[in-house]
Amino acid sequence: PRLLSQFFFADERVTRVVAEINGLDAELDPQQYLVLLNQLHLSQAHLLAVLERIMEECIPTQRHSRDYLVKFPEELLVDNLGNHMLFAAECLLAGTFLEMEESDGAQLRPQARNLLCSLELVRTVLREQSLNQPNCYPEPVRAVLIQFDRLFAEFELSYVSSLVAVKSPDEIYRQQEIIVLFCETVERALHLGYLTQEMIDGYEPLLMFTIPRLAIISGLLIYPEGPLSLERSPEEMSRVFSPFYNLLRKIRDLLRVLSAEELCVLERSLCTAE
């Protein structure tokens, strides 16, 4: 159950697979080479997962901030992102510039080198600690973990920023405005009896259509200064809504001529229609 013991065996597994790859002629046995590469990917992912748990146990209050993750496109926020970063660093150090311009890769190579050197130091230190005193983390161990955590975060942000357009602070704020709008919409719908708490607690599939529909009405009529404010230009709106700017204006104009009773009937119908 001790994390350092788990790290020792995970590290042994990575070392063994790397040795097998180095001793194999890929041209003579390409199938086995692919099998070993997959094993290496899995073993490295397990090693990083154990290392993450060790850092949470050893340096929980000294972890480098990961607030920058909110800038990343949602499709990148996957469980194996850390393993992908490690693979990217290895490729950069080997002179292979995957998915990016050679000039960008050349700028990232020093960071990749520092990260991989730091990882090797962490592996060495943790292996020695697991063999000597697997129940504690002395200051030298904590120091190398803090350094690795910082270098990993810095490389992750730099690498992803070189590949995709990360969200600007304005876009993040607009996204948060939409979250607030949806929360207020749900609260209002519960208050008016359009929805029930049981529907929400039970993840009623119809809510995936109902809540966005009600949110459009709320954003146009109830909270007109929020993320659906048509006083802004399309460029100032969230990318979720900006392509529909003209359509939203037409919807708002139609909603404004409805009486309170007619609006209630409309909202109730949106909660049941497919």
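Worth saying up front: this structure is predicted, and the values here are computed from it rather than measured.

> Would you mind going over the overall build of the chain in detail, with residue names and values included?
Counting its secondary structure elements, the chain contains ten helices and zero strands. If you list the helices and strands of the chain from N to C, you get α-α-α-α-α-α-α-α-α-α. Radius of gyration (C-alpha) of the chain: 26 Å, far over the 19 Å computed for a compact globule of 274 residues. Over its C-alpha atoms, taken along the principal directions, the chain stretches across nearly 75 × 45 × 40 Å. Of all 274 residues assigned to the chain, the portion counted as buried reaches 37%. Contacts spanning at least 24 positions in sequence make up 71% of the contacts within the chain whose residues lie at least 6 apart. Surface summary for the chain: the accessible area is close to 16,100 Å², and the carbon and sulfur share equals 56%. Taking the average location of the 24 positive side-chain charges in the chain and that of its 41 negative ones, the two points are 2 Å from each other.

> Explain the pattern of salt bridges to me, and be specific about the residues and the numbers.
Enumeration according to the criterion identifies 13 salt bridges in this entry. Across the salt bridge formed by Arg127 and Asp11, the nearest N and O atoms sit 2.8 Å from each other. Placement of the pair is Arg127 in helix α4 (residues 102–132) and Asp11 in helix α1 (residues 3–22), with a sequence separation of 116 residues. Of the residues examined, Arg127 reaches a relative accessible area of 24% and is grouped as partly exposed. The class for Asp11 is buried, based on a relative accessible area of 1%. Put simply, Glu177 and Arg232 hold a salt bridge, and the shortest N to O gap is 3.1 Å. Within this pair, whereas Glu177 is found in helix α6 (residues 169–192), its partner Arg232 is found in the loop between α8 (207–222) and α9 (245–256), the two being separated by 55 residues in sequence.

> Explain unusual backbone geometry to me, and be specific about the residues and the numbers.
In this structure, Tyr203 takes a positive phi of about 55° despite not being glycine. Mapping Tyr203 onto the fold places it in the loop between α7 (197–201) and α8.

> Quick rundown of the domain arrangement of the chain? Include the residues and the values.
The extent of an interface is frequently quoted as the accessible surface area lost upon association of the parts. Looking at the assigned domains, one finds that the chain contains domain 1 (3–163) and domain 2 (169–271). Using only C-alpha atoms to locate each centre, domain 1 and domain 2 end up separated by 43 Å.

> Let's hear about the nonpolar core: which residues, and what values?
Among the nonpolar cores identified, the biggest contains 44 residues, and Leu51, Ile54, Leu126, Leu145, Phe148 and Phe155 are the most heavily contacted of them. Where this core is concerned, the elements lending two or more residues are α1, α2 (30–58), α3 (81–93), α4 and α5 (139–163). No other element matches α5, which puts ten residues into this core. Not counting chain neighbours up to four residues away, the residues in contact with Leu126 comprise Leu4, Phe7, Leu51, Ile54, Val141 and Leu145. The next biggest cluster of nonpolar side chains, apart from the first, holds 14 residues, and it includes Ile217, Leu220, Leu228 and Leu270.

> Kindly report on α2, identifying the contributing residues and their values.
For α2, which comprises 29 residues, the first-to-last C-alpha distance of 41 Å matches the rise-based estimate of 42 Å (1.5 Å per residue) to within 8%. Of all the positions in α2, only Leu36, Leu40, Ser43, Gln44, Leu47, Leu48, Val50, Leu51, Ile54, Met55 and Cys58 are classed as buried. Where α2 is buried, its residues meet α1, α3, α4 and α5.

> Which residues make up the confidence of the model for the chain, and what values do they have?
In this model, the chain carries an average pLDDT of 89, and 97% of its residues clear a pLDDT of 70 or more. By mean pLDDT, α3 is the weakest element of the chain at 87, and α1 is the strongest at 94.

> Describe the packing of aromatic side chains, listing the residues and the values that go with them.
Under the defined criterion, the tally for this structure stands at three aromatic pairs. Considering the side-chain rings of Phe155 and Tyr159, the 5.7 Å spacing of their centres and the 25° angle between planes classify their relative orientation as stacked. One end of the pair is Phe155 and the other is Tyr159, both in helix α5 and four residues apart, which spans about a single turn. An identical accessibility class is assigned to Phe155 and Tyr159; each is buried.

> Give a description of the packing of α8 against α9 that names residues and reports values.
Taken N-terminus to C-terminus, the directions of α8 and α9 make an angle of 70°; their axes are 10 Å apart at the nearest point. On the basis of their axis angle, the class for α8 and α9 is roughly perpendicular. Facing α8, whose interface residues are Ile216, Ile217, Leu220 and Leu221, α9 presents Leu248, Ile251, Arg252, Leu255 and Arg256. A breakdown of the residues in the contact of α8 with α9 according to their chemical character gives seven nonpolar, no polar and two charged.

About the criteria used
Residues numbered from 1 in each chain as written. Predicted model: local features only at pLDDT ≥ 70, side-chain atom pairs only at ≥ 80, totals over all residues. Heavy atoms only, no water. Helix = DSSP H or I, 4+ residues; strand = E, 2+ residues; numbered from the N terminus. Rg over C-alpha atoms; globule rule 2.2 N^0.38 Å. Buried < 20%, exposed > 50% of the residue type's maximum accessible area, 1.4 Å probe, protein only. Contact = heavy atoms within 4.5 Å. Areas by Shrake-Rupley, 256 points an atom, 1.4 Å probe, with all protein chains shown as cover. Lys, Arg positive; Asp, Glu negative; His and termini not counted. Charge placed at Lys NZ, Arg CZ, Asp CG, Glu CD. Salt bridge = Lys/Arg side-chain N within 4 Å of Asp/Glu carboxyl O. Domains from an automatic or database assignment. Core = buried A, V, L, I, M, F, W, Y, C linked by side-chain atoms within 4.5 Å. Expected span 1.5 Å × (residues − 1). pLDDT = per-residue confidence, 0-100. Phe/Tyr/Trp six-rings, centres within 6.5 Å; stacked < 30°, edge-to-face > 60°. Axes fitted to C-alpha atoms, helices over the stretch in contact; angles between N-to-C directions. Parallel < 35°, antiparallel > 145°, perpendicular 65-115°, else oblique. Nonpolar A, V, L, I, M, F, W, Y, C, P; charged D, E, K, R; others polar.

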